[in-house]
There are 4 protein chains.
Amino acid sequence: MPLRFTIQELSKYVEEIFPQVKDDFEILEISEFGSRVRLIVNFKHLRPGNTISGPAIFSLVDCTAYMAILAKLGKEALAVTTNCSIDFMRKPSGEADLIANCEILKFGKSLVVADAKVYSEGSEKPVARASVTYSIPPKK
Amino acid sequence: MPLRFTIQELSKYVEEIFPQVKDDFEILEISEFGSRVRLIVNFKHLRPGNTISGPAIFSLVDCTAYMAILAKLGKEALAVTTNCSIDFMRKPSGEADLIANCEILKFGKSLVVADAKVYSEGSEKPVARASVTYSIPPKK
Amino acid sequence: MPLRFTIQELSKYVEEIFPQVKDDFEILEISEFGSRVRLIVNFKHLRPGNTISGPAIFSLVDCTAYMAILAKLGKEALAVTTNCSIDFMRKPSGEADLIANCEILKFGKSLVVADAKVYSEGSEKPVARASVTYSIPPKK
Amino acid sequence: MPLRFTIQELSKYVEEIFPQVKDDFEILEISEFGSRVRLIVNFKHLRPGNTISGPAIFSLVDCTAYMAILAKLGKEALAVTTNCSIDFMRKPSGEADLIANCEILKFGKSLVVADAKVYSEGSEKPVARASVTYSIPPKK
């Protein structure tokens with residue numbers, strides 16, 4: 001299954017369809033097997049204790065997996081997140097961006113399952129791990 | 001275990017410690033057994049298709065469960081989310097607020113487990129369900 | 001959606017198709033909204049400390065939700081478990097049977113989502129909670 | 001943290017404490033970072049369609065992660081499973097054994113988080129993925 005976008009094309013497309021988040025994420029890598037995305041951390045992502053909020057980490061996981069799916073399915077993609085299970089393992093510093101690595105484990109006709117690990121940039125111990133399931137509606 | 005806050009006191013405390021989210025949530029109910037919180041939906045919570053984003057739903061679940069824990073533990077609470085598993089079941093309309101009902105299933109010395117269901121205001125079919133675990137660090 | 005089985009019919013059908021587990025479970029209730037099933041605890045379900053093993057609790061959750069689905073879909077049911085998230089909250093005694101209450105939260109065309117709570121018989125505090133997702137393959 | 005057991009010692013210890021499962025599992029590898037365990041598939045693990053049951057896959061995941069923890073904590077280990085989230089992605093054949101690879105992602109003082117992937121022996125596409133959390137009670 002060849003990719004439908006380059007990183008530049010995908011970034012531009014996401015800016016169009018998700019104006020709310022266009023300054024939050026930077027797509028670093030997309031391939032047949034997964035994706036890597038940066039969360040550009042700013043004030044709205046922080047919580048007390050100079051750390052990054054759970055919802056911000058969740059949004060990075062969801063975005064990263066979605067980029068991998070869009071890259072394969074193209075603009076007609078209507079995949080919706082149906083499940084996410086996330087473990088928060090270490091408190092990230094609010095001073096560093098977060099990077100998520102996502103691996104596609106199954107790309108079925110109706111379900112996609114992916115795994116992601118999230119790191120503070122420059123650190124090797126994961127801040128969080130997550131698995132996400134997307135449902136792809138049948139083509140009409 | 002009596003509650004350490006009234007709704008008014010808890011709302012005020014949250015405004016102090018979470019300035020980022022103070023206009024997003026309204027605490028509707030807190031009790032020994034759980035909590036009910038509203039997400040006041042605005043543009044930043046939306047995604048294409050006039051629906052509410054997954055991260056916004058996640059933030060409501062996390063906030064609702066955290067309110068129930070704060071209400072029991074008081075200001076010294078340092079509980080951190082360690083796991084969340086969430087199922088997104090129906091697309092909420094972007095026109096209605098979301099309401100989460102959270103039930104505490106276990107309030108242990110080191111772990112709290114809670115269940116939440118999220119509804120579009122006025123609807124009886126849940127938009128999402130989630131379970132959340134918090135870890136309470138040992139007192140020094 | 002009317003039920004396709006009585007409890008007696010469903011029990012008999014399960015005995016036919018799952019000979020491995022026919023002495024483990026007793027169906028207590030099936031309805032449009034969910035199901036209730038007993039795990040008849042015996043030696044193979046136990047683990048050290050006179051408690052019941054995680055896999056035995058998992059099997060009860062999976063069976064209970066599957067009974068609710070079979071009751072609605074009938075013998076042609078081909079639903080497969082795609083996700084289960086389970087929280088083990090209290091150690092059950094090995095002396096009492098376990099009872100699972102399952103509630104169907106969404107019965108979609110391709111995905112079913114259910115929630116279950118598991119109790120030691122006679123106790124009000126849940127031993128475990130779980131959510132399960134089943135995928136229903138498209139009809140040919 | 002050095003390992004407290006060799007594979008032979010750990011296998012023998014597990015036979016002593018889990019007589020119910022001693023013929024089901026073979027420990028293939030233990031290290032500081034994780035473990036690899038085989039489920040020796042037999043009739044009781046099967047379900048209709050000549051495939052392996054969900055509870056059998058769950059038991060393999062739980063056992064594999066527990067081996068990694070025992071190897072680090074030694075005989076005094078009292079770790080209990082508190083959460084498991086599992087995605088079933090492909091139907092394994094009932095003719096092949098299953099192999100689980102488990103990676104420890106966090107080994108904290110009170111919580112251990114691990115990730116596992118399960119394969120049919122000889123196959124490269126995972127049958128299931130799971131994450132598991134164990135709670136380690138404080139030493140008295």
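A. Layout of the sheet that holds strand 1 (residues 25-30) of chain A. Strand order in this open sheet of twelve strands is 1(A)-2(A)-6(A)-7(A)-8(A)-5(A)-5(B)-8(B)-7(B)-6(B)-2(B)-1(B), and the pairing throughout is antiparallel. Strand pairing shows two members of the sheet lacking a second neighbour, strand 1 of chain A together with strand 1 (25-30) of chain B, which therefore form its edges. Direction aside, neighbouring strands of the sheet carry axes that sit 20° apart on average. By the bridge criterion, nine bridges tie strand 6 (residues 98-107) of chain B to strand 7 (residues 111-120) of chain B in an arrangement that is antiparallel. Its bridge partner being in strand 7 of chain B, Ala 100 of chain B is matched across the sheet by Val 118 of chain B. Across the sheet, helix 2 (residues 54-73) of chain B lies against strand 5 (80-88) of chain A together with strand 1, strand 2 (34-39), strand 5 (80-88), strand 6, strand 7 and strand 8 (128-135) of chain B, angled at about 140° from strand 2 of chain B, the strand it touches most.

B. Quick look at the relation of the copies chain B and chain A. With an RMSD of 0.0 Å, the operation that places chain B on chain A is a rotation of 180° combined with a shift of 0.0 Å along the axis. Each copy turns onto its partner about a two-fold axis. Among all residues of chain B, the one whose C-alpha sits closest to the rotation axis is Ser 85 of chain B, at a distance of 2.0 Å. A share of 100% of interface residues in chain B that are also interface residues in chain A marks the association as one of identical surfaces.

C. The arrangement of the sheet that holds strand 6 (residues 98-107) of chain C in detail. Read across the sheet, twelve strands follow the order 1(C)-2(C)-6(C)-7(C)-8(C)-5(C)-5(D)-8(D)-7(D)-6(D)-2(D)-1(D) without closing on themselves; strand pairing throughout is antiparallel. Lying at the two open borders of the sheet, with one neighbouring strand each, are strand 1 (25-30) of chain C together with strand 1 (25-30) of chain D. Each neighbouring strand pair of the sheet contributes to a mean axis angle of 20°, computed without reference to strand direction. As paired elements, strand 7 (residues 111-120) of chain C and strand 8 (residues 128-135) of chain C share eight bridges and run antiparallel to each other. Each bridged residue has a counterpart across the sheet, and for Val 112 of chain C the counterpart in strand 8 of chain C is Tyr 134 of chain C.

Calculation notes
Residues numbered from 1 in each chain as written. Chains lettered and ligands numbered in written order. Predicted model: local features only at pLDDT ≥ 70, side-chain atom pairs only at ≥ 80, totals over all residues. Pairing = 2+ DSSP bridges. Helix = DSSP H or I, 4+ residues; strand = E, 2+ residues; numbered from the N terminus. Axes fitted to C-alpha atoms, helices over the stretch in contact; angles between N-to-C directions. Contact = placed C-beta atoms within 7 Å. Least-squares fit on C-alpha atoms with pLDDT ≥ 70 in both.

Any functional reading would require information that these geometric values do not contain.
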